[in-house]
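Listed here are the chains, written in short residue letters.
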Amino acid sequence: MDELRQIELDVVEGERRLAELEALLINLKRLNEDTAKVHAELEVMRKNQLDREQNRQRLLSLLHP
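Calculation criteria
- Residues numbered from 1 in each chain as written.
- Predicted model: local features only at pLDDT ≥ 70, side-chain atom pairs only at ≥ 80, totals over all residues.
- Heavy atoms only, no water.
- Salt bridge = Lys/Arg side-chain N within 4 Å of Asp/Glu carboxyl O.
- Helix = DSSP H or I, 4+ residues; strand = E, 2+ residues; numbered from the N terminus.
- Buried < 20%, exposed > 50% of the residue type's maximum accessible area, 1.4 Å probe, protein only.
- Core = buried A, V, L, I, M, F, W, Y, C linked by side-chain atoms within 4.5 Å.

## Digging into the pattern of salt bridges
Opposite charge on two side chains makes pairing possible when the charged atoms of those side chains draw close.
Link 1 in the chain: Counted by the stated rule, this structure contains eight salt bridges.
Link 2 in the chain: In this structure, R16 and E13 form a salt bridge, with 2.4 Å as the shortest nitrogen-oxygen distance. Within this pair, R16 and its partner E13 are both found in helix α1 (residues 2-30), separated by three residues, close to a single helical turn.
Link 3 in the chain: On the basis of relative accessibility, which here comes to 39%, the residue R16 falls in the partly exposed class.
Link 4 in the chain: Assessed through its relative accessible area of 33%, E13 is described here as partly exposed.
Link 5 in the chain: For the salt bridge of K47 with D51, the shortest nitrogen-to-oxygen distance reads 2.9 Å. Here D51 and K47 lie together in helix α2 (residues 36-63), a separation of four residues that amounts to about one turn.

## Structural notes on the nonpolar core
Link 1 in the chain: Core analysis: the largest hydrophobic core is formed by seven residues, namely L18, L21, L25, L28, V38, L42 and M45.
Link 2 in the chain: Those elements that place two or more of their residues in this core are α1 and α2.
Link 3 in the chain: The leading source of residues in this core is α1, at four residues.

## Focus: the environment of D2
Link 1 in the chain: Checked against the element boundaries, D2 lands in helix α1.
Link 2 in the chain: For D2, a relative accessible area of 59% puts it in the exposed group.
Link 3 in the chain: Counting along the chain gives 28 residues from D2 to R30, while the straight-line C-alpha distance between them is 42 Å.

Okay, here's the thing in structure tokens:
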């Protein structure tokens, strides 16, 4: 349960950080700034978020077979 609680917090924090980075990307595009670095970071964060969500699902399935 502690591990599930922690992964739930990590998922929520990851969603918050993704939203912030997506907003930054939109702002940079609006200003015609270079978005390559932010775009690359966003892709890494999305992959990490997917991993966290899959881990959460795995833990949930262990608790509720």
